[in-house]
Amino acid sequence: MTKKEVTVAVVEQECAVFRTRMAARKVTRTYDEALRPLGLKVTQFTLLVAIKHGIPDSISELAESLAMERTTLTRNLQLLEKQGLATIGPEGYRRARSMQLTPLGEEKLAAALPVWRQAQDQLVRKLGKGRWIEAKALLSEIISTA
(Lines give C-alpha, C1' and ligand atoms only; values in the text may rest on other atoms or scores of the structure.)
Protein backbone atom coordinates (compact mmCIF):
# COMPACT_ATOMS: atom_id res chain seq x y z
CA MET A 1 0.00 0.00 0.00
CA THR A 2 1.42 3.39 -0.96
CA LYS A 3 0.86 6.60 0.89
CA LYS A 4 -1.22 9.18 -0.88
CA GLU A 5 0.79 12.31 -1.52
CA VAL A 6 -0.58 15.28 0.38
CA THR A 7 -0.63 18.51 -1.55
CA VAL A 8 -2.53 21.77 -1.18
CA ALA A 9 -4.82 20.61 -4.00
CA VAL A 10 -5.58 17.40 -2.11
CA VAL A 11 -6.42 19.39 1.03
CA GLU A 12 -8.70 21.70 -0.95
CA GLN A 13 -10.49 18.75 -2.53
CA GLU A 14 -10.70 16.34 0.41
CA CYS A 15 -10.40 18.19 3.73
CA ALA A 16 -13.65 17.99 5.70
CA VAL A 17 -12.90 21.05 7.80
CA PHE A 18 -11.88 23.10 4.77
CA ARG A 19 -15.17 22.32 3.01
CA THR A 20 -17.47 22.57 6.01
CA ARG A 21 -15.98 25.89 7.13
CA MET A 22 -16.33 27.31 3.63
CA ALA A 23 -19.95 26.17 3.51
CA ALA A 24 -20.57 27.51 7.02
CA ARG A 25 -19.19 30.93 6.10
CA LYS A 26 -21.36 31.09 2.96
CA VAL A 27 -24.50 30.05 4.83
CA THR A 28 -23.69 32.38 7.73
CA ARG A 29 -23.29 35.28 5.30
CA THR A 30 -26.75 34.57 3.84
CA TYR A 31 -28.44 34.61 7.24
CA ASP A 32 -26.42 37.61 8.45
CA GLU A 33 -27.51 39.61 5.39
CA ALA A 34 -31.14 38.67 5.99
CA LEU A 35 -30.99 39.60 9.69
CA ARG A 36 -28.93 42.79 9.24
CA PRO A 37 -31.99 45.12 9.05
CA LEU A 38 -32.93 43.89 12.54
CA GLY A 39 -29.44 44.62 13.88
CA LEU A 40 -28.76 40.92 14.48
CA LYS A 41 -26.19 38.42 13.34
CA VAL A 42 -27.14 34.77 12.99
CA THR A 43 -24.95 33.90 15.99
CA GLN A 44 -27.05 36.25 18.12
CA PHE A 45 -30.26 34.89 16.62
CA THR A 46 -29.31 31.30 17.47
CA LEU A 47 -28.51 32.32 21.04
CA LEU A 48 -31.87 34.08 21.37
CA VAL A 49 -33.53 30.88 20.13
CA ALA A 50 -31.51 28.72 22.55
CA ILE A 51 -32.32 30.97 25.50
CA LYS A 52 -36.01 31.12 24.59
CA HIS A 53 -36.09 27.35 24.17
CA GLY A 54 -34.56 26.97 27.64
CA ILE A 55 -31.53 24.99 26.53
CA PRO A 56 -29.11 24.15 29.41
CA ASP A 57 -28.81 26.46 32.33
CA SER A 58 -25.04 26.51 32.57
CA ILE A 59 -22.72 28.30 30.18
CA SER A 60 -20.67 25.12 29.75
CA GLU A 61 -23.71 22.98 28.91
CA LEU A 62 -25.04 25.61 26.52
CA ALA A 63 -21.64 25.90 24.85
CA GLU A 64 -21.49 22.11 24.48
CA SER A 65 -25.00 21.90 23.05
CA LEU A 66 -24.18 24.62 20.50
CA ALA A 67 -20.69 23.23 19.76
CA MET A 68 -19.12 26.55 20.81
CA GLU A 69 -16.13 27.41 22.93
CA ARG A 70 -17.24 28.53 26.38
CA THR A 71 -15.29 31.80 26.15
CA THR A 72 -16.85 32.62 22.76
CA LEU A 73 -20.31 31.89 24.12
CA THR A 74 -19.65 34.06 27.18
CA ARG A 75 -18.61 36.99 24.97
CA ASN A 76 -21.70 36.57 22.79
CA LEU A 77 -24.00 36.35 25.81
CA GLN A 78 -22.43 39.49 27.25
CA LEU A 79 -23.13 41.26 23.96
CA LEU A 80 -26.80 40.21 24.10
CA GLU A 81 -26.96 41.47 27.65
CA LYS A 82 -25.30 44.78 26.71
CA GLN A 83 -27.83 45.21 23.88
CA GLY A 84 -30.65 44.65 26.37
CA LEU A 85 -31.82 41.45 24.67
CA ALA A 86 -31.11 38.97 27.46
CA THR A 87 -30.34 38.81 31.13
CA ILE A 88 -27.74 36.44 32.47
CA GLY A 89 -27.98 35.72 36.18
CA PRO A 90 -25.03 35.27 38.52
CA GLU A 91 -23.27 31.94 38.65
CA GLY A 92 -24.97 29.61 41.09
CA TYR A 93 -24.79 25.99 42.13
CA ARG A 94 -22.71 23.91 39.70
CA ARG A 95 -22.01 27.00 37.61
CA ALA A 96 -25.69 27.25 36.65
CA ARG A 97 -26.79 30.64 35.39
CA SER A 98 -30.27 31.76 34.64
CA MET A 99 -30.61 33.10 31.12
CA GLN A 100 -33.72 34.72 29.80
CA LEU A 101 -34.81 37.09 27.11
CA THR A 102 -35.81 40.60 28.04
CA PRO A 103 -39.01 42.05 26.59
CA LEU A 104 -36.80 43.68 23.93
CA GLY A 105 -35.16 40.31 23.27
CA GLU A 106 -38.60 38.70 22.90
CA GLU A 107 -39.60 41.42 20.40
CA LYS A 108 -36.35 41.06 18.47
CA LEU A 109 -36.75 37.29 18.28
CA ALA A 110 -40.38 37.58 17.17
CA ALA A 111 -39.32 39.98 14.39
CA ALA A 112 -36.40 37.75 13.39
CA LEU A 113 -38.32 34.48 13.07
CA PRO A 114 -40.07 35.32 9.77
CA VAL A 115 -36.80 36.76 8.41
CA TRP A 116 -35.06 33.51 9.34
CA ARG A 117 -37.85 31.56 7.64
CA GLN A 118 -37.31 33.48 4.39
CA ALA A 119 -33.54 32.87 4.48
CA GLN A 120 -34.11 29.20 5.33
CA ASP A 121 -36.62 28.77 2.50
CA GLN A 122 -34.19 30.45 0.10
CA LEU A 123 -31.46 27.98 1.06
CA VAL A 124 -33.80 25.00 0.69
CA ARG A 125 -34.95 26.24 -2.73
CA LYS A 126 -31.33 26.58 -3.89
CA LEU A 127 -30.44 23.07 -2.74
CA GLY A 128 -33.75 21.42 -3.49
CA LYS A 129 -35.87 19.93 -0.73
CA GLY A 130 -34.54 16.39 -1.15
CA ARG A 131 -30.92 17.50 -1.10
CA TRP A 132 -31.59 19.69 1.96
CA ILE A 133 -33.12 16.73 3.80
CA GLU A 134 -30.02 14.67 2.93
CA ALA A 135 -27.67 17.50 3.91
CA LYS A 136 -29.47 18.05 7.21
CA ALA A 137 -29.25 14.34 8.03
CA LEU A 138 -25.56 14.29 7.14
CA LEU A 139 -24.87 17.40 9.23
CA SER A 140 -26.75 15.88 12.17
CA GLU A 141 -24.67 12.72 11.84
CA ILE A 142 -21.44 14.72 11.76
CA ILE A 143 -22.54 16.67 14.85
CA SER A 144 -23.35 13.51 16.79
CA THR A 145 -20.19 11.61 15.84
CA ALA A 146 -17.45 14.23 15.61
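The structure under discussion appears in the preceding block.
It should be emphasised that the depicted structure is a prediction, and the values quoted were computed from it without experimental measurement.

Asks: Mind showing me how you'd approach a nonpolar patch on the surface here?
Replies: Judged by side-chain polarity, Val6, Val11, Val17, Phe18 and Met22 come together as a nonpolar surface patch covering roughly 420 Å² of accessible area. Among the elements that line the nonpolar patch, the one with the most residues is helix α2 (residues 16-35), at 3 residues. Structurally, valine 6 is set in the segment before α1 (8-14).

Asks: Whenever I open this one, the nonpolar core confuses me. Can you help?
Replies: The nonpolar side chains of a soluble globular protein tend to be buried, and buried together. Core analysis: the largest hydrophobic core is formed by 27 residues, its most contacted members being Leu35, Leu48, Ile51, Leu73, Leu77, Leu80 and Met99. Within the residue set of this core, elements represented by two or more residues are α2, α3 (42-53), α4 (59-65), α5 (70-82), β1 (86-88), β2 (99-101) and α6 (103-127). Apart from residues no more than four positions distant in its own chain, isoleucine 51 is found in contact with Leu77, Leu80, Ala86, Met99, Gln100 and Leu101.

Asks: Explanation requested: the pattern of salt bridges in the structure shown.
Replies: It is possible for side chains of opposite charge to pair when their charged atoms get near one another. Per the counting criterion, the structure on display carries 2 salt bridges. Note that lysine 52 is salt-bridged to glutamate 106, the shortest N-O span being 3.0 Å. Of the two residues, lysine 52 is situated in helix α3 and glutamate 106 in helix α6; the sequence distance between them amounts to 54 residues. On the basis of relative accessible area, lysine 52 is assigned to the partly exposed category, the value being 48%.

Asks: Mind showing me how you'd approach the environment of glutamate 61 here?
Replies: With respect to the helices, strands and loops of the structure, glutamate 61 is situated in helix α4. Sequence spacing of glutamate 61 and serine 98 is 37 residues, and the spatial spacing of their C-alpha atoms is 12 Å.

Asks: Just checking my understanding: could you explain unusual backbone geometry for this structure?
Replies: Generally, phi is negative for residues other than glycine and the peptide bonds are trans, each holding for most cases. For alanine 67, which is not a glycine, the phi torsion comes out positive at approximately 55 degrees. When you line up the elements, alanine 67 lands in the loop between α4 and α5.

Asks: What is the right way to look at a positive patch on the surface in this model?
Replies: Residues Arg21, Arg25, Lys26, Arg29 and Lys126 make up a contiguous surface patch of positive charge. Among the elements that take part in the positive patch, α2 stands out by supplying 4 residues, more than any other. With respect to the helices, strands and loops of the structure, lysine 26 is situated in helix α2. Judged by relative accessible area, lysine 26 falls into the exposed class, the value being 56%.

Asks: Where do I start with α5 in this structure?
Replies: Side chains that are three or four residues apart share a direction in an α-helix, a result of its 3.6 residues per turn. Along its 13 residues, α5 runs 18 Å from first to last C-alpha, staying within 8% of the 18 Å computed at 1.5 Å per residue. Among all positions of α5, only Leu73, Asn76, Leu77 and Leu80 are buried. Down the axis, α5 shows its buried residues gathered within 100 degrees of arc, on one side only. Exposed positions of α5 whose direction lies more than 90 degrees from the buried face are Thr71, Arg75 and Lys82. For α5, the elements touching its buried residues are α3, α4, β1 and β2. Backbone geometry just after α5 places glycine 84 at a positive phi near 80 degrees.

Asks: What is the right way to read the side chain of glutamine 44 from this model?
Replies: In this fold, glutamine 44 is placed in helix α3. Setting aside chain neighbours within four positions, we find glutamine 44 in contact with Gly39, Leu79, Leu80 and Gln83.

Conventions used here
Residues numbered from 1 in each chain as written. Predicted model: local features only at pLDDT ≥ 70, side-chain atom pairs only at ≥ 80, totals over all residues. Heavy atoms only, no water. Patch = residues over 30% accessible without salt bridge, like charges linked within 9 Å, V, L, I, M, F, W, Y side chains within 5 Å. Areas by Shrake-Rupley, 256 points an atom, 1.4 Å probe, with all protein chains shown as cover. Salt bridge = Lys/Arg side-chain N within 4 Å of Asp/Glu carboxyl O. Helix = DSSP H or I, 4+ residues; strand = E, 2+ residues; numbered from the N terminus. Core = buried A, V, L, I, M, F, W, Y, C linked by side-chain atoms within 4.5 Å. Buried < 20%, exposed > 50% of the residue type's maximum accessible area, 1.4 Å probe, protein only. Contact = heavy atoms within 4.5 Å. Lys, Arg positive; Asp, Glu negative; His and termini not counted. Charge placed at Lys NZ, Arg CZ, Asp CG, Glu CD. Expected span 1.5 Å × (residues − 1). Arc of directions from axis to C-beta.

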